[in-house]
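Topology and contacts: notes
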Amino acid sequence: MSLKKDLRLKKRAQFLNVYSKGKRFNAQYLVIYFLSGKENKLFGFTVSRKIGKAVKRNRIKRLLREIVRVNVDSFPDGVWYVFNTKKIAKNAEFKDFESDIKKFLNWLNEKNFN
RNA sequence: GAAGAAAGGCGGGUAAUCGCAAAGGUUUUAAGCCUUUGAGGAAAGUCCGAACUCCAUAGGGCAGUGCGCCGGGGAAAGCCCGGUCUCUGAAAGGAGAAGGAAAGUGCCACAGAAAAUAUACCGCCCCGAUGUUAAUCGGGGUAAGGGUGAAAAGGUGGGGUAAGAGCCCACCGCUUCGAUGGCGACAUCGGAGGCAUGGUAAACCCCGCACGGAGCAAGGCCAAAUAGGGAAGCGUACGAGGGUGGCCCGCCCCAUGCUUCCGGGUAGGCUGCUUGCGGUAUCGGGCAACCGAUAUCCCAGAGGAAUGAUUACCCGAGACAGAAUUCGGCUUACAGCCUUUCUUCCACU
RNA sequence: GUCCCCAUCGUCUAGCCCGGCCUAGGACACCGCCCUUUCACGGCGGCGACAGGGGUUCAAAUCCCCUUGGGGACG
C-alpha cells in the first residue's frame, strides 16, 4: 500500500456516513465525496466491479493511493474523503487521475478563500 | 529445409529515487531507524475429492445422488499412469460417463405394407376359371428386386428352384465350445451351429461400488451500550412439543420444583492463520504414474484487504491474469520463446 | 470469500419434468391494410426469440458437460 493504514477509512459505516452527510465533487473520471468537521484526516477508495476484473481494480486503487500519498499535505485537515471511480475510468492513466485530483484541490482552495 | 504431432519448461531484465505489509533486531511512550521476506501456472471457475471445525452417537432401513473396460498408483476423487477395445487421421498421433437391451417396462415422430408376437403395397412364380391373345378374377407359394426411412430381421458371391429362401456351399460377421498366450480386459487358432440377438439405459430401470449434514462469514476466546435473565446439578410427569439430516426407527433435550453459581450475548477486538500428505538436490526401484533413502531449506499471511509510481538503458517491446483456512485434481483463459523425441514430404551425400 | 438460483421475440410469458406433432404458441408493443369524416376500439396480415460451444441420440428449446452473462443468501 502506498498510503499508511492510519490514514484510511476502514468501516462500512464510515463510508456510508460520508455518502449520506458529505458533499460531492464531480471530476472527469472520479466522484469525490468529502465530509468535514472530523477530528482527523482519512481517505477511502472504492472501485466498482463494473470497471473490470480484480487486476484492473487493484491497479486503479494503487494509482489513486499513490497520488494521495504524494499530495497528502495539500488536503485540508479534519475531513474524510472517499474516491469513487466512474465507468469511463476503465482506460484512464496515472496522469488522468492526477489532473482530476489537482482540480479538486484547487476547487477546495477557492471555496475556502471565498 | 518445409508441414505436423507429443512431452516438459519460461512467462521481460538491470539500475536509481520515493513508498506499502509482515517478521526479527534496536533506541524505546507513541513512533522512528536497520535487516530480511513479500502473488500464479492458472492465484480464476467453484466442477470433484480430502484435511480441519461444529452439528445429536453419526447406528439400522427406505429414498436420493454419483460413479462404472482391465491392471497399477494414490488419503481420496467426475484423479493420474500403463494396457485392451471402438471411432478417427496418410502417419506420428488424437478422442471415448466403454457394465447389462437373450430381468422387465416405455419410446421409435413423418414416411412406409410392416418399427419388433413380423408383415406383404408395387412385384415375382404356380394352379384353377373366363378369354383368340392381352388381361381379369379366385386360391396358394415367396421375400430376391422396387419404393419408405436414421434403422427393414445376417452380408457378398455361387449353386439350387416354378419363383424364391442358410434350402445348400465358400468367405466375412454372429452365437457357442475348446486350446494357446496374458494377473486381467482381451487376442490368436481350431471345431460346431444355420442365424436366434433392431436401436435407445447422458429413458425408467437391473447389477456392483461409494456417500450423514453443514461449512473458516465453520468454530473458539475476550467483551462496551441496551435489556433483564442465564447456566449447572438433583427429582417428578408427559410423548402433545422441540432438536439445521429428504423420511421412518433409534437417539438427545424438557413443563415445573429444590439447591448452587454468575454468567450469556450485540457492536467491537483477539484467535483459527499458516510446518505441510511441504519444497529443492542426489541416489535407488518401477515402462510410467509413483514410492523409498540421504542431505538441505522455511518459502505471502492481509482484513475497505500489502507488490505501486517516476526515470534511464537493453531486447524479440512483454499474453491471460492478483493469494484470503489449507492441500490433491479437473476445467477454462493465455502474446511470445526455449528444450527433447517422433511422423510425412522434398533436396543433397 | 463460501453456498445457491436463473437465462425463450422489443417486454411479460407457455412449451422443458416425460426428446419428434416446434417451420417454437399467446398477450402487449411495432409495421401495413380494412372499418371511421378523423382518432380510439375492433378485424385481417406481417415482423420478431430457444445465451454461446461441445457431446449422447436417427432426431435436442427439452437429456449431459463446459463457458458466458444476470440475480440472491450469509457481515
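Residues numbered from 1 in each chain as written. Chains lettered and ligands numbered in written order. Predicted model: local features only at pLDDT ≥ 70, side-chain atom pairs only at ≥ 80, totals over all residues. Heavy atoms only, no water.

**Re the overall build of chain A**
What chain A contains, in helices and strands, is 3 helices and 4 strands. The linear arrangement of helices and strands in chain A, starting from the amino end, is α-β-β-β-α-β-α. When its C-alpha atoms are laid out on the principal axes, chain A stretches across 40 × 30 × 25 Å. Counting every position in chain A, which comprises 114 residues, the buried fraction comes to 43%. (Helix = DSSP H or I, 4+ residues; strand = E, 2+ residues; numbered from the N terminus. Buried < 20%, exposed > 50% of the residue type's maximum accessible area, 1.4 Å probe, protein only.)

**Describing the environment of Asn26**
By the secondary structure assignment, Asn26 is in strand E1 (residues 23–26). Among residues more than four places away in sequence, those in contact with Asn26 are Val31 and Lys86. (Contact = heavy atoms within 4.5 Å.)

**Remarks on helix H2 (residues 54–70)**
In a regular helix each residue adds 1.5 Å, so 17 residues correspond to 24 Å; H2 covers 24 Å between its end C-alpha atoms and thus fits that length. All of the buried residues in H2 are Arg57, Ile60, Leu63, Leu64, Arg65, Ile67 and Val68. (Expected span 1.5 Å × (residues − 1).)

**Let's talk about the packing of aromatic side chains**
Tallied over the full model, the rule gives 14 aromatic pairs. Between Phe45 and Phe83, the aromatic rings sit 5.4 Å apart at their centres with planes inclined by 15 degrees, giving stacked as the arrangement. In this pair, Phe45 is assigned in strand E3 (residues 42–46) and Phe83 in strand E4 (residues 79–85), connecting sequence segments 38 residues apart. With respect to burial, Phe45 and Phe83 carry one shared label: buried. A network of ring pairs unites the aromatic residues Phe25, Phe34, Phe43, Phe45, Phe75, Tyr81, Phe83, Phe104 and Trp107 as a single cluster. (Phe/Tyr/Trp six-rings, centres within 6.5 Å; stacked < 30°, edge-to-face > 60°.)

**Describing helix H1 (residues 12–21)**
Here H1 has its buried residues at Phe15, Asn17 and Val18. Taken end-on, H1 shows its buried residues confined to a sector of 155 degrees, consistent with a single buried face. Opposite the packed face of H1, turned more than 90 degrees from it, sit the exposed residues Arg12, Ala13, Ser20 and Lys21. (Arc of directions from axis to C-beta.)

**Structural notes on the confidence of the model for chain A**
Mean pLDDT for chain A: 81, with 95% of residues reaching 70 or above. Across chain A, E1 holds the top mean pLDDT of 87, while H1 sits lowest at 79. What the predictor reports for the complex is a pTM of 0.78 with an ipTM of 0.79. (pLDDT = per-residue confidence, 0-100.)

**Re the sheet that holds E1**
Read from one edge of the open sheet, 4 strands run E1-E2-E4-E3, paired in mixed fashion. With one partner strand each, in any of the chains shown, E1 and E3 form the two edges of the open sheet. Geometrically, the sheet is characterised by an average inter-axis angle of 20 degrees between neighbouring strands, direction not taken into account. As defined by bridge partners, E1 adjoins strand E2 (residues 30–36) across 4 bridges and the pair is classed as antiparallel. (Pairing = 2+ DSSP bridges. Axes fitted to C-alpha atoms, helices over the stretch in contact; angles between N-to-C directions.)

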